[in-house]
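Letter by letter, the chains look like this.
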Amino acid sequence: MRRYSRITGTGSYLPPRRVTNADLATELAGRGVETSDEWIVARTGIQARHFAAPEVTSSDLGAEAARRALEAAGRAASDIDLIIVATSTPDMVFPSAACILQRKLGVAGCAAFDVQAVCSGFVYALTVADAMIQSGAANKALVIGAEVFSRLLDFTDRTTCVLFGDGAGAVVLEASDTPGILASDLHADGQHVGILCVPGTVSGGQVLGDPLLKMDGQAVFKLAVGVLEDAARATLAKAGKTDADIDWLIPHQANIRIMQSTAKKLKLPLEKLVVTVDQHGNTSAASIPLALDASVRSGKIQRGDTLMLEGVGGGFTWGAVLLDF
Ligand code: ACO
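Residue positions are counted from 1 within each chain, in the order its sequence is given. Only residues with pLDDT of at least 70 are given local features in this predicted model, and only at 80 or more are side-chain atom pairs given and counted; all residues enter the totals for whole chains, interfaces and linings. Hydrogens and waters are ignored; side-chain quantities use all the structure's heavy atoms.

**Student:** Please clarify how the environment of asparagine 139 should be interpreted in this entry.
**Tutor:** Numbering of helices and strands runs from the N terminus, with a helix taken as a DSSP run of H or I at least four residues long and a strand as a DSSP run of E at least two residues long. Relative to the assigned elements, asparagine 139 resides in the loop between helix H5 (121-135) and strand E6 (140-148). For the exposure calls, accessible area comes from a 1.4 Å probe over protein chains only, and a residue counts as buried if that area is under 20% of its type's maximum, exposed if over 50%, partly exposed in between. Residue classification places asparagine 139 among the partly exposed residues on the basis of a relative accessible area of 37%. Measuring from C-alpha to C-alpha, the distance between asparagine 139 and serine 298 comes to 28 Å, with 159 residues separating the pair along the chain. By the convention used here, residues are in contact when the closest approach between their heavy atoms is within 4.5 Å. Apart from the residues lying within four places of it in its own chain, the contact partners of asparagine 139 are Arg3, Asp81, Ile133, Leu173, Glu174 and Ala175. Within the local environment of asparagine 139, its side chain forms a polar contact with the side chain of arginine 3, the two groups lying 2.9 Å apart. Polar contact criterion, stated in full: a pair of N or O atoms within 3.5 Å, where within protein one must be able to donate a hydrogen and the other to accept it, and residues adjacent in sequence count only if both atoms are side-chain atoms.

Here it is, written out as structure tokens:
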């Protein structure tokens, strides 16, 4: 009998400090940077984001989301034999955020590692966990997206600092006789490294290069719209499904205009588009599991619904996962 993986619990966590566009505009004005709620809402759909306190790390946010996902799945941390954390803002250069998070959950021994695919990270991590479960290498996985993107922002650059936020989302993924995950499709094109990057690195005890986020917003926008449609279509084809089989589209929450345009290309009514970017901003690898958990807990997404998850981000990376919830 074929082995599948299925999500048995979801969880998420947002740091308590909520910053509205108006709050941010006031803060930026103090630095001589001009922006407005009207501009941010019209161009991105974002109304607010959460920022973590300076001492709070991605593994702190991820551990809290993981605890909530474990509780929803009715599992203990000791039941887990694989932890994958998708993040571009790990606590330290090494060890991985996954190892630090494992310790925070009070367990030891299970495999734990990070996946770095920027905003596609959760879709990449979920695909890796699914493959490990299908192969028998794991039985019960925690797959987590956790970010403190606020640490990478240049608060003198209004074209980027208004877009991002901090948070974490998690799922428990377990071996099952029935799907679960139906198909996935991952891609990268390193030709586009420069359009979205944090070019700095650590060398000889110093930061070399610029450690703040750089983005060519229009280039990202154009690429994102095209690849998101392609990934969704490829994933549907692998699963033998069509657009009409999708109950909920959960794209990476970066910009409402990219998300709506993807839904339109897939001929989905906008009611089937899950939107949390308005309240969370772009939380990179955390955005999809955050949106998933919010919709599960609000009762919007029900057991048996078919979900299309789609990520796109720096690399350039992109991908999709189709699953029965
Ligand atoms: N407040 C006020 N004005 C602003 C702001 C701001 N925060 N930012 C830019 N502007 C101004 C610009 O200076 C420009 O003014 P000008 O015409 O006088 O020169 C004007 O607004 C238009 O700027 P554009 O960059 O052309 O605005 P655009 O409509 O392209 O929107 C945006 C910019 C929102 C960044 C858009 O390009 C976008 O969403 N791109 C995709 C970005 C994205 O989704 N990135 C993440 C995906 S991958 C990942 O998640 C890591």
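So that's the structure; there's more coming.
**Student:** Sorry if this is basic, but what is going on with the sheet that holds strand E13 (residues 248-251) here?
**Tutor:** Two pairing modes exist for strands in a sheet, parallel and antiparallel, and in both the strands are linked by backbone hydrogen bonds. Strand pairing requires that DSSP identify at least two bridges connecting the strands. Read from one edge to the other, the open sheet built from four strands follows the order E8-E15-E14-E13, with strand pairing classed as mixed. For this open sheet the edge positions go to strand E8 (181-188) and E13, each flanked by a neighbour on one side alone. Across the sheet, the mean angle separating the axes of adjacent strands is 10° when strand polarity is ignored. Two elements, E13 and strand E14 (residues 306-313), share four bridges in a ladder whose sense is parallel. Axis definition: a line fitted to C-alpha atoms, over the contacting stretch in the case of helices. Angles run 0 to 180 degrees between N-to-C directions.

**Student:** Would you mind showing me how to read the packing of helix H7 (residues 217-239) against helix H8 (residues 256-265) here?
**Tutor:** What describes two packed helices is the angle between their axes and the distance between those same axes. One way to put it is that H7 packs onto H8 with a least axis distance of 9 Å and a crossing angle of 35°. Pair H7 / H8 crosses with right-handed handedness. Every residue of H8 that contacts H7 at Phe221, Ala224, Val225, Leu228, Glu229 and Arg233 is listed here: Arg257, Ile258, Ser261, Thr262 and Lys265. Note on convention: the crossing is left-handed when the near helix lies turned anticlockwise from the far helix by less than a right angle, right-handed when the turn is clockwise.

**Student:** Would you mind showing me how to read the sheet that holds strand E5 (residues 111-115) here?
**Tutor:** Reading across from one edge, E1-E7-E6-E4-E5 is the order of the five strands in this open sheet, with mixed pairing throughout. Each edge of the open sheet carries a strand with a single partner, namely strand E1 (4-13) and E5. If you compare each strand with its neighbour and ignore which way they point, the axes differ by 20° on average. Pairing analysis gives five bridges linking strand E4 (residues 82-86) to E5, with the strands arranged parallel. Bridge assignment links isoleucine 83 to a residue of E5, and that residue is alanine 112. Packed on one face of the sheet, helix H4 (residues 97-104) meets E4, E5 and E6 and runs near 125° to E4.

These figures capture arrangement, not role.
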